[in-house]
Amino acid sequence: MSMDGIAVPEVSEALSAEALVAEVVREARDENALASICLTSSFQTEDMVVLDMLRKHLPQVPVIFLETGYHFPELIAYRDQMVREWDLNLVNALPKTTLEEHESEFGLLHIVEPTKCCAIRKVEPLMRSLEPFSWWFTGLRREQSPTRAGLRKVEGHRLPTGKSLKKLSVLADWDWARVEGYALAHGIPRLGLYDRGYTSIGCEPCTAVPAVGADARSGRWGGKKLECGIHTFSERQ
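Computed from a predicted structure; not experimentally measured.

Rules used throughout
- For every chain, the first residue of its written sequence is number 1, and the numbers climb from 1 along that sequence.
- Reporting in this predicted model follows two pLDDT cut-offs: at least 70 for local features of residues, and 80 or more for side-chain atom pairs to be given and counted; totals over whole chains, interfaces and linings ignore these cut-offs and use all residues.
- The side-chain numbers reported here are obtained from all heavy atoms of the structure, hydrogens and water having been left aside.
- Put simply, a nonpolar core is a bunch of buried Ala, Val, Leu, Ile, Met, Phe, Trp, Tyr and Cys residues held in one set by side-chain atoms that sit within 4.5 Å of each other.
- Relative accessibility thresholds used throughout: buried, under 20% of the residue-type maximum; exposed, over 50%; partly exposed, between the two (1.4 Å probe, protein chains only).
- Strands here mean DSSP runs of E at least two residues long; helices mean DSSP runs of H or I at least four residues long; both are numbered from the N terminus.
- Note on definitions: a residue-residue contact is assigned when non-hydrogen atoms from the two residues lie within 4.5 Å.
- Nonpolar side chains (Val, Leu, Ile, Met, Phe, Trp, Tyr) within 5 Å and like charges within 9 Å form the patches, drawn only from residues with over 30% relative accessible area and no salt bridge.
- The protein chains shown are the only cover counted for residues, whose accessible areas, like all others here, come from Shrake-Rupley with a 1.4 Å probe.
- Should a side-chain nitrogen of Lys or Arg be within 4 Å of a carboxyl oxygen of Asp or Glu, the pair is scored as a salt bridge.

Peer 1: Before we move on, can you summarise the nonpolar core with the specific residues and values?
Peer 2: Counting residues in each nonpolar core, the largest one holds 43 residues, and the members touching the most others are Ile37, Phe43, Leu54, Phe137 and Val170. For this core, the secondary structure elements donating two or more residues are α2 (17-30), β1 (37-40), α3 (45-55), β2 (62-66), α4 (73-86), β4 (135-137) and α8 (176-185). Apart from the residues lying within four places of it in its own chain, the contact partners of isoleucine 37 are Val24, Val25, Ala28, Leu54, Leu58, Val61, Pro62, Phe133, Trp135 and Phe137. In terms of nonpolar packing, the next biggest core, distinct from the first, is built from 12 residues, Ala93, Leu126, Met127 and Leu130 among them.

Peer 1: Just give me the short version of the side chain of histidine 102, but keep the residues and values in it.
Peer 2: One can find histidine 102 in helix α5 (residues 99-106). By relative accessible area, which is 0% here, histidine 102 ends up buried. The residues touching histidine 102, leaving out its near neighbours within four places in the chain, are Tyr70, Thr97, Gly107, Leu109, Cys117, Ile120 and Arg121.

Peer 1: So what about a nonpolar patch on the surface? Which residues, and what values?
Peer 2: Residues Leu108, Ile111 and Val112 make up a contiguous nonpolar surface patch of about 300 Å² in total accessible area. Mapping leucine 108 onto the fold places it in the loop between α5 and α6 (109-112). On the basis of relative accessible area, leucine 108 is assigned to the partly exposed category, the value being 45%.

Peer 1: Run through the side chain of glutamate 67, naming residues and quoting values.
Peer 2: Examined against the element boundaries, glutamate 67 turns out to sit in the loop between β2 and α4. Not counting the four nearest positions on each side in its chain, glutamate 67 is found in contact with Ile76, Arg79, Asn92, Ala93, Leu94 and Pro95.

Peer 1: I'd love a proper account of the pattern of salt bridges, names of residues and values included.
Peer 2: Overall, the coordinates contain 15 salt bridges when judged by the stated rule. Its salt-bridge partner being glutamate 143, residue arginine 141 comes within 2.6 Å of it at the nearest N-O pair. Owing to a relative accessible area of 2%, arginine 141 belongs among the buried residues under this scheme. Two residues, arginine 190 and glutamate 180, come together in a salt bridge whose shortest N-O distance is 3.0 Å. Of this pair, arginine 190 sits in the loop between α8 and β7 (235-236) while glutamate 180 sits in helix α8, placing them 10 residues apart in sequence. Among the charged side chains, a salt-bridge network with shared partners connects Glu13, Arg142 and Arg152.

As structure tokens, this is what we get:
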């Protein structure tokens, strides 16, 4: 299967997550383009599962983390733990302004205009960080929220600069039980915030424990929205 085979998406949809990871790496190797593969990770379990699969083929795959300055201390501690234990090639995607500069100019923008805050501290740094790559792995799943229900395992995306790349959500058809089962079976350390009831973890001021029975991302941004924009600002082709 060629990744240009997005024209026949049923091929990639039929592949298991592990098989799709292996296929992308094989194609990149054939093209002498292994350096064009990256993973964006918030260090939630889905991302760690995809990273575990990728590391079997590419131990030093770039792991792009959006360092907004607003993360839970527990999340940063877990990130640093996994960087040490797995010897990760971490790429901290930084906004163009420090948190102090940001708040000096905008105040508590995450409260009054959360979408603008996300655009400055998440979307722009990610779009900039993705420029060198051609294959973009994510831990997105259809089950996570209504905004992701139509997710395909392989999609073509165009960045704001016009750069095109393949976006790969190899766990698109997995449910949470399968994610947790894989993590347990493969000895992936658990982020402690899950034990406090969080099901989708972003910046600390904008993340709450969701109501019982609500979808995983309903605790984000006080229920005002479900996406920060990093998966909607690129143009799906």
